[in-house]
Amino acid sequence: MKITWKKLLTLSLAAVMALSLAACGGNDSSADDQSANQTQEEAAPPADTEENTAAPESSGDGAAAADGNVLVVYYSASGNTETAANYIAQATGGDIFEITPVEPYTSDDLNWTDDNSRVSWEHEDESLRDVELTTTEVENWDSYDTVFIGYPIWWGIAAWPVDGFVEANDFSGKTVIPFCTSSSSGLGQSGELLAQLAGTGDWQEGQRFRSSASQEDVNEWVDSLGLSAA
């Protein structure tokens, strides 16, 4: 009898232990599943909202209408912007209009390292930046749907002779695409500032070219805009 009870006791203990291990194993599995689900939920992207899906008022990505007349307006201090402007005109079949100050800038005027140079004075005193232009009127201005505006970068903004042209013209109904040339500076906020000055037009993000921009670089950019030569 003693042996039988010992055997029964041993078997009972073994059964209890087996049941306990099975229960623990089930709890661990549930915990792992819950952790996995939580991780998946945290990694999932948030649901789209009206704010995220609403289309912007202006594309701002350099896209422009593929048809309509094109005008390339530019101011060039040393010839680099003029070269880029001519490449754009060739690629789009557009017309050219050069912004020219009544009093052209000489090489000495453009020496920004000289505190007594013209550009240095104008940089320090904004009242001197109202540069008189030979003309701001473009023949058949109303016929142009897309207007490129090019300029060098001076102290992080568009060269100020461009300001007078922008202020004098109505860009309503036009897609305006700024471009600049610079040895180191980027486009920055130059296009945005011109857009504010104009107050009209659908101004795009624009493009910065290095001072010695190649025709290949310019053509590649123009191609990305969906414009074609007339």
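Overview of the structure. This is a predicted model, so every value here is computed, not measured. (Residues numbered from 1 in each chain as written. Predicted model: local features only at pLDDT ≥ 70, side-chain atom pairs only at ≥ 80, totals over all residues. Heavy atoms only, no water.)

1. Side note on the pairing of strand β5 (residues 175–182)
Okay, so step 1: Counting buried residues in β5 gives eight out of eight residues, a clear majority hidden from the surface.
Okay, so step 2: Going residue by residue along β5, you find Thr175, Ile177, Phe179 and Thr181 tucked away on one face and Val176, Pro178, Cys180 and Ser182 tucked away on the opposite face as well.
Okay, so step 3: Of the pairings in the sheet, the one linking strand β3 (residues 144–154) to β5 comprises seven bridges and is parallel in character. By the bridge assignment for β5, Tyr151 is matched with Cys180.
Okay, so step 4: In this sheet, strand β6 (residues 202–203) lies alongside β5 in parallel orientation, the contact comprising two bridges. (Buried < 20%, exposed > 50% of the residue type's maximum accessible area, 1.4 Å probe, protein only. Helix = DSSP H or I, 4+ residues; strand = E, 2+ residues; numbered from the N terminus. Pairing = 2+ DSSP bridges.)

2. Remarks on the pattern of salt bridges
Okay, so step 1: According to the stated counting rule, one finds three salt bridges in the structure shown.
Okay, so step 2: Across the pair Arg118 and Asp109 runs a salt bridge whose closest N-O atoms are separated by 3.9 Å.
Okay, so step 3: Judged by relative accessible area, which is 14%, Arg118 ranks as buried.
Okay, so step 4: Ionic pairing is found between Arg118 and Glu122, a salt bridge with its closest N-O pair at 3.1 Å. Here Arg118 pairs with Glu122, and both are found in helix α4 (residues 118–124), just four residues apart, close to one helical turn. A single burial state applies to Arg118 and to Glu122, both of which are buried.
Okay, so step 5: Within this structure, Asp109, Arg118 and Glu122 form a network of salt bridges that share partners. (Salt bridge = Lys/Arg side-chain N within 4 Å of Asp/Glu carboxyl O.)

3. Examining the pairing of β3
Okay, so step 1: For β3, a buried count of 10 out of 11 residues is recorded, marking the element as mostly surrounded by other parts of the structure.
Okay, so step 2: Across six bridges, strand β1 (residues 69–74) lies against β3 in parallel orientation. Considered in β3, the bridge of Val73 is made with Ile149.
Okay, so step 3: Bridge count between β3 and strand β4 (residues 157–158): two bridges; the pairing is antiparallel. Across the sheet, Trp154 pairs through a bridge with Ile157, a residue of β4.
Okay, so step 4: In textbook terms, the turn of a hairpin is the stretch between consecutive antiparallel strands, and for β3 and β4 this stretch comprises two residues, one of which, Trp155, has a positive phi near 50°.

4. Some points on the environment of Thr146
Okay, so step 1: If you trace the backbone, Thr146 turns up in strand β3.
Okay, so step 2: Residues Thr146 and Val70 lie 76 residues apart in sequence; the distance between their C-alpha atoms is 4.9 Å.

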